[in-house]
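# Descriptive analysis of the structure
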Amino acid sequence: MKTKTVKGNWSFRTNKLTFPYVFLICIFFFLAGFFGSTLFSHSQDGDGYGLRPRPRSRLLESRKEGKYNLMTAGEFGDDSITSIPFQVLSWKPRALYFPNFATAEQCESIVSVAKAGLKPSSLALRKGETAENTKGIRTSSGVFISASEDNTGTLDVIEEKIARATMIPRSHGEAFNILRYDIGQRYNSHYDAFNPAEYGPQKSQRMASFLLYLTDVQEGGETMFPFENGLNMDGSYGYEDCIGLRVKPRQGDGLLFYSLLPNGTIDPTSLHGSCPVIKGQKWVATKWIRNEEQDD
Ligand SMILES: *[C@@H]1O[C@H](CO)[C@@H](O)[C@H](O)[C@H]1NC(C)=O
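Residues numbered from 1 in each chain as written. Predicted model: local features only at pLDDT ≥ 70, side-chain atom pairs only at ≥ 80, totals over all residues.

Each helix and strand counted, the protein has five helices and 14 strands in total. By the burial criterion, 27% of the 296 residues in the protein qualify as buried. Of the contacts made within the protein by residues no fewer than 6 positions apart, 75% connect residues no fewer than 24 positions apart. (Helix = DSSP H or I, 4+ residues; strand = E, 2+ residues; numbered from the N terminus. Buried ≥ 20, exposed ≤ 12 C-beta atoms within 10 Å, placed from the backbone. Contact = placed C-beta atoms within 7 Å.)

So, in structure tokens, the structure goes:
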């Protein structure tokens, strides 16, 4: 009776294994219930359900209130946490995007201060270049204003925030260059860093640029990085085409990118430009940051 033996063996095995299985299942449901209810009561805390928080969830609450254990700061450090959200847009070039870096009021204040002194933007010229033969490369109007020249104090606040976001001291920044682009106005792709082979020896170098968009632009006016991630670098690029990584201006948002690589050489992918404005008007405040302190 083969089948009977098998059957008997089977029922014998199940009988023997039933107890541990049931025991484990009990423990599982007990633990699931225990942790489940803790989570549940925690998620209901302060929701007006009248559930008293358990001691355990109160512990979680107090940890949430003091989320970070602060260190004792050095002489010029902070005794609080600063939160400046950013999005990494690219590693080639190293570009960071800061949503809501400034408020709408701050942006409007900067625009009204800049309006007074606006002039057509100029270019740093290479050998053989003149104002006449470079006409059309940069068609915006702009003005340089240092933080101390802005009596409203807005540029001071923004400059301080840029220094904190980059950890490059304010003394390394040039004055703000505040630019206005009307419909059709543009800035062909270029480098902010000055290649000594083209511009001659440099006392210091622009290592990073921070752009604060002061207005929304209905259409066009993007900041473009045509060589982003090494694209379009086969020599065919004509410096006018609006291609590659494009950042749409939005009032109050900031864009930081580095023109120098960590080893100090110019990052070839940091080439960038301003696409022509198609609809609306673009205002932007640029802060060029140098690798040496600025004299002024
Ligand atoms: C600097 O770094 C880049 C990228 O890693 C590299 O291609 C280049 O050769 C380096 N230049 C020098 C002078 O070290």
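Back to the write-up after that little detour.
This next bit is on the sheet that holds strand 11 (residues 254-258). Taken together, the eight strands give an open sheet; going across it, the order is 1-2-11-7-14-5-4-3, and neighbouring strands pair in antiparallel fashion. On the outer flanks of this sheet lie strand 1 (87-91) and strand 3 (119-120), each paired with one strand and no other. In the sheet, strand 2 (residues 94-98) pairs with strand 11 via four bridges, with the strands oriented antiparallel. Its bridge partner being in strand 11, Leu 96 is matched across the sheet by Leu 256. Sitting on the sheet, helix 3 (residues 104-115) touches strand 4 (141-145), strand 5 (176-181) and strand 14 (282-290), and the angle it makes with strand 4 is about 100°. (Pairing = 2+ DSSP bridges. Axes fitted to C-alpha atoms, helices over the stretch in contact; angles between N-to-C directions.)

Put simply, the protein has an average pLDDT of 85, and 77% of its residues get 70 or more. When the criterion is pLDDT under 50, residues 1-14 qualifies, and its contacts beyond four places in sequence or with other chains add up to zero contacts. This stretch, residues 38-55, has a pLDDT under 50; its non-local contacts, to residues over four places away or in other chains, come to 16 contacts. (pLDDT = per-residue confidence, 0-100.)

Our next topic: unusual backbone geometry. Residue Pro 93 is bonded to the preceding Lys 92 through a cis peptide linkage, with omega at 5°. With a phi angle near 55°, Met 167 is a residue other than glycine that sits in the positive phi range. Within the fold, Met 167 resides in the loop between helix 4 (154-166) and strand 5. A residue is classified by how many C-beta atoms lie within 10 Å of it, and Met 167, with 6 of them, is exposed. With phi around 70°, Tyr 239 is a residue other than glycine that occupies positive phi space. Mapped onto the elements, Tyr 239 comes out in the loop between strand 9 (223-225) and strand 10 (245-247). According to the C-beta neighbour criterion, Tyr 239 is exposed, with 11 such atoms within 10 Å.

All right, on to the sheet that holds strand 12 (residues 272-274) then. In a beta sheet, neighbouring strands are held together by backbone hydrogen bonds and run either parallel or antiparallel to one another. Spatially, the four strands line up as an open sheet ordered 6-12-9-10, and their pairing is antiparallel. Among the strands making up the open sheet, the edge pair consists of strand 6 (187-190) and strand 10. On average, each strand axis in the sheet is inclined to that of its neighbour by 15°, with strand direction left out of account. Relative to strand 12, strand 9 is paired through two bridges, and the arrangement is antiparallel. Counted as the bridge partner of Met 224 is Gly 273 from strand 12.

In this structure, Leu 212, Leu 214 and Val 284 are the most contacted members of the largest nonpolar core, which totals 38 residues. It is strand 7 (residues 206-213) that contributes the most residues to this core, six residues altogether. Ignoring any residue separated from it by four or fewer positions in sequence, one finds Leu 214 in contact with Cys 107, Ile 110, Val 111, Gln 251, Trp 283, Val 284 and Ala 285. (Core = buried A, V, L, I, M, F, W, Y, C linked by C-beta atoms within 7 Å.)

Okay, helix 3 next. Helix length check: helix 3, at 12 residues, gives a terminal C-alpha distance of 17 Å against a target of 16 Å (1.5 Å per residue), a fit within 8%. When we look at burial in helix 3, the residues that qualify are Gln 106, Cys 107, Ser 109, Ile 110 and Ala 114. Along the long axis of helix 3, the arc covered by the buried residues comes to 160°, so they all point the same way. Among the exposed residues of helix 3, those oriented more than 90 degrees off its buried face are Glu 105 and Ser 112. Summarising the contacts, the buried residues of helix 3 are in contact with strand 4, helix 4, strand 5 and strand 14. (Expected span 1.5 Å × (residues − 1). Arc of directions from axis to C-beta.)

Attention now goes to the pairing of strand 2. Along a regular strand, successive side chains alternate from one face of the sheet to the other. In this structure, strand 1 lies alongside strand 2, joined through four bridges in antiparallel fashion. What sits directly across from Ser 90, in strand 2, is Ala 95. Where strand 1 folds back on strand 2, the antiparallel hairpin that results is connected by two residues.

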